[in-house]
Every structure is written in C-alpha cells, then in structure tokens.
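Overview (structure and organization)
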Amino acid sequence: MKITSVDVFLLNCGTSAWRPIVCRVNTDEGISGFGEASVGFDTGAPAAYAMIADIAPLVIGMDAMAHEAVWDKLYRTTFWAQAGGTILFSAISAIDTALWDIKGKALGVPLYKLLGGKTSESLRCYASQLQFGWGDNMGRAVTDEELVEACRKAVDEGFDTVKINFITFDDAGGRVGFLRGPIPRQTAKMIERRVDAVRRAVGPDVDIIVENHARTDAVSAAEMCRLLEPYGIMFIEEAVTPLYPPSMKILRESTRIPLAGGERIFSRWSFLNFFTQDTLQIAQPDIGTCGGVSEAKKICDMAHAFDAGIQIHVCGSPISIAASLHLESSIPNFVIHEHHVINRSRMNIELGVRDYAPVRGRLTAPELPGLGQELSEKAMAEASAHCVVTG
C-alpha cells in the first residue's frame with residue numbers, strides 16, 4: 001500500500017485562537033488516515049500547516065504500513081528535526097498518526113489493538129482548565145465564586161478530578177503574567193485563597209491538579225508548592241520551563257507534590273533527560289507534538305521503566321482526542337485522561353464525525369477501525385486553508 005498524496009487542512013473555528021491543523025494521508029488502495037499537529041491554539045498553526053506541506057513530499061510513494069521507516073526518514077533527513085523543534089515535530093506527528101489510522105483501517109481493528117490491546121477498559125478523566133469556566137464555550141472564571149461554580153458543575157457531572165491554573169487571571173480579570181523570583185505577597189494570598197475556596201467546595205475526596213503553564217521559575221514555583229501542599233494536590237503541571245531540566249530537579253527536591261509536564265517536550269531523547277533525574281512523576285506527551293503515536297508509545301514505555309505515570313496531553317481537535325484514548329487504553333502506566341474545556345465547545349465538536357464525551361467522568365477507547373474518528377465534511381469544506389501534496 002503506497003502513499004499517493006497528503007491533504008493538509010488549517011481548520012476554521014471562527015477564531016484565530018483555535019485553528020487545529022489536520023492532515024489526511026491517502027493511499028493507492030483507497031484507504032486514508034487522519035493525524036493532527038497539536039499547535040492549533042495560541043500561535044503556530046499556519047507554520048505547522050506549511051510544515052506538513054513542506055515535508056509531505058518525502059513520504060509520497062512510501063509504504064503506508066511502514067510507519068517506523070517513514071518516521072525515521074522524516075526525523076533523519078529534515079535536518080532540523082534532530083533539534084526537537086515544535087513545528088517540525090508537530091508535522092511529523094500528524095503524518096505518523098495518520099499512518100496508524102490507515103493501518104487500523106486496513107486491518108479492520110481499533111488502534112489500541114495494534115498497540116498491544118487494552119490494559120484499561122474505562123479511563124478516569126479530569127475536567128481541565130476550569131479557570132476558563134465549565135460551560136459550552138471557554139469563558140473566564142476569575143472570582144473565587146466563579147471558580148467554585150465551575151468546579152461544582154464538573155463534580156456534578158461525575159468528574160472526581162479538576163485542573164485549574166490559579167495564576168492565569170488576577171482578581172481584576174487581567175493576566176497575571178510570569179512570576180519570577182519571590183511571589184508578591186498579594187499574589188500569594190490570592191493563590192492560597194482560591195485553592196482554599198476550591199478545596200472547601202469540592203471536599204476532601206475530589207482531586208485537584210494545579211496547572212502553571214511554566215509561568216513560574218524555580219524560586220516562585222517552589223514557593224507556590226509550599227502554599228499548595230496543605231491542600232492535597234494530585235500533581236502540579238509545567239511548574240517551570242521544560243527547556244532547563246535542572247530547575248525541575250530543584251523543585252523535585254523541595255516539594256512533596258508530584259511533578260508533571262511534557263506538552264512542550266518532544267521525542268524520547270528529550271523525555272529521557274527528565275526520567276533519569278526523576279523530575280517527572282507524571283509524563284504528559286502530546287501525540288500531536290512529541291512525534292505522533294509511534295514516538296508517544298516509546299515515551300510511555302520508557303516512562304514505565306522509570307516508574308513514571310502517563311497522562312497524554314490533549315488540547316486539540318476530535319482527531320487528537322481519539323488518538324489519546326487508544327494510547328492511554330493500551331498502556332499499564334496510565335494515570336488519568338485530560339478532558340479539556342475546549343472539548344465541550346460546539347465549534348470543536350463539529351470538526352469530527354463523532355463526539356467522544358465522558359459519561360460520569362469516564363471514557364472508553366473507540367471500537368471502530370483505526371482512530372475511530374475522522375474530520376467532518378463540514379470541517380474540511382470550511383477550512384481556512386487546504387492543499388494537496390502529490391509529490
């Protein structure tokens with residue numbers, strides 16, 4: 001089965017803040033597969049779109065079932081890939097995931113079976129990014145009361161875990177920005193007040209995950225962890241920059257809270273730097289940026305060897321959601337699945353032909369061949385940009 005062409009879509013959700021990038025790899029046997037470059041939020045989407053189109057000629061004519069050969073060619077012959085850059089790795093990720101979708105469809109089996117079969121029948125989920133509320137669209141939960149309301153909504157739906165970035169917004173609704181060095185006293189009081197309000201609202205049996213988006217350095221992150229420790233935090237995510245592993249080591253030695261991260265760490269080689277120093281207790285590779293399903297599986301297996309758990313980072317279209325469910329179902333070191341608030345938005349749901357939404361805070365992997373998810377005709381027809389690479 002040979003690769004004959006690659007369609008690349010820059011999807012249109014009506015906002016420059018959310019522009020998922022998806023490719024469709026086509027074969028001479030009429031089977032096509034979908035994969036995503038997970039840089040559709042914030043900046044980078046047009047670059048990823050162009051990058052997929054730029055490297056796609058390298059795979060035309062290759063065996064669509066030989067994902068390892070395709071991955072190695074894209075990694076070794078594009079020069080910049082060995083530096084682990086976000087945009088190039090996201091393009092490799094999209095093509096690789098599409099090949100796994102093709103393989104599952106060709107063999108008539110769900111992706112999780114190709115990855116070793118299920119180790120989990122039902123995946124525990126958490127409600128993610130509740131500083132943006134928990135409605136049908138992303139909003140703002142700024143006050144203590146708004147954060148509490150968002151958390152109660154999620155818990156009422158059956159979620160037993162919530163994740164919040166307590167330093168996204170200040171009390172006036174503006175951006176807090178980056179905290180460098182000692183945390184200003186008023187900001188520290190705000191953080192502690194918000195965490196206390198959420199803990200009191202959800203009770204002792206609901207887990208709280210804290211998200212920092214690397215907006216703290218080693219000093220402020222360590223101080224923040226001291227504020228958080230009395231509240232039984234499940235783990236803290238991206239507490240420091242992923243570009244300097246020693247900062248994570250400093251933090252690891254100063255707090256009892258487990259450390260998580262990985263959405264901005266790419267390839268097995270980069271993750272190894274964190275595993276060997278025991279600075280990631282929960283690894284969060286993003287299938288759409290770390291190198292696709294092939295590389296994500298290797299990272300998960302390596303994490304297992306270092307006793308690190310896995311929570312796939314999921315902030316993408318329905319294509320990314322489906323891929324994550326398959327991989328998480330197949331690994332023994334799965335911890336929890338991320339259900340992002342963007343997944344509740346109609347603009348994102350309508351990009352796919354199916355909506356895999358949690359029921360009472362649980363999800364299962366699709367049982368259809370391949371990913372069990374495809375772009376909708378509407379999504380493809382209304383794309384902001386679309387190109388077809390044939391050679």
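Coordinates for the structure precede this section.
Please read these numbers as outputs of a predicted model, since none were measured by experiment. (Residues numbered from 1 in each chain as written. Predicted model: local features only at pLDDT ≥ 70, side-chain atom pairs only at ≥ 80, totals over all residues. Heavy atoms only, no water.)

Across its full length, the protein holds 13 helices and 13 strands. Relative to the 2.2 N^0.38 estimate, which gives 21 Å for 391 residues, the radius of gyration of the protein is 20 Å and therefore close to what a compact globule would have. Overall size of the protein, expressed as C-alpha extent along the three principal axes, is 60 × 40 × 35 Å. Expressed as a percentage of its 391 residues, the buried residues of the protein come to 60%. About 14,600 Å² of surface is accessible on the protein, with carbon and sulfur atoms providing 52% of the total. A gap of 2 Å separates the mean positions of the 37 positive and 47 negative side-chain charges of the protein. (Helix = DSSP H or I, 4+ residues; strand = E, 2+ residues; numbered from the N terminus. Rg over C-alpha atoms; globule rule 2.2 N^0.38 Å. Buried < 20%, exposed > 50% of the residue type's maximum accessible area, 1.4 Å probe, protein only. Areas by Shrake-Rupley, 256 points an atom, 1.4 Å probe, with all protein chains shown as cover. Lys, Arg positive; Asp, Glu negative; His and termini not counted. Charge placed at Lys NZ, Arg CZ, Asp CG, Glu CD.)

The next thing to look at is the environment of Thr4. Assignment of secondary structure puts Thr4 in strand β1 (residues 3-10). Distance in space between the C-alpha atoms of Thr4 and Ala127 is 40 Å, their sequence separation being 123 residues. In this structure, Thr4 is in contact with Asn26, Thr27, Asp28, Ile60, Val389 and Thr390, ignoring residues within four places of it in sequence. (Contact = heavy atoms within 4.5 Å.)

The next point concerns the sheet that holds β1. Reading across the sheet, the four strands line up as β3-β2-β1-β13 and stay open at both edges, with antiparallel pairing between neighbours. The open sheet has two free edges, formed respectively by β3 (32-37) and β13 (385-389), since each of these has just one partner strand. Taking each pair of neighbouring strands and ignoring which way they run, the sheet shows an average axis angle of 20°. Bridge count for β1 against β13 is five bridges, and the pairing is antiparallel. Across the sheet, the residue bridging to Val6 is Val389, located in β13. (Pairing = 2+ DSSP bridges. Axes fitted to C-alpha atoms, helices over the stretch in contact; angles between N-to-C directions.)

Among the nonpolar cores identified, the biggest contains 91 residues, and Leu130 and Phe275 are the most heavily contacted of them. Formed by 36 residues, the second largest nonpolar core is a distinct cluster that contains Ala37, Met62, Val70 and Ala91. (Core = buried A, V, L, I, M, F, W, Y, C linked by side-chain atoms within 4.5 Å.)

With that settled, consider helix α6 (residues 185-202). Taking 1.5 Å of rise per residue, 18 residues should cover 26 Å, and α6 covers 26 Å from first to last C-alpha, within 8% of that figure. Within the span of α6, buried status applies to Thr187, Ala188, Met190, Ile191, Arg194, Val195, Ala197, Val198, Arg199 and Val202. Of the surrounding secondary structure, the elements contacted by the buried residues of α6 are α5 (144-156), β5 (161-164), β6 (207-211), α7 (218-228) and β7 (233-237). Positive phi appears at Gly203, one or two residues downstream of α6, with a value of about 85°. (Expected span 1.5 Å × (residues − 1).)

A few words now on the pairing of strand β2 (residues 21-27). Buried residues dominate β2, accounting for six of its seven residues. Examined bridge by bridge, β2 and β3 share six bridges and lie antiparallel to one another. Looking at the pairing, Asn26 lines up with Ser32 of β3. Turn length for the β2-β3 hairpin, with the two strands adjacent in sequence and antiparallel, is four residues, and the turn residue Gly30 shows positive phi of about 80°.

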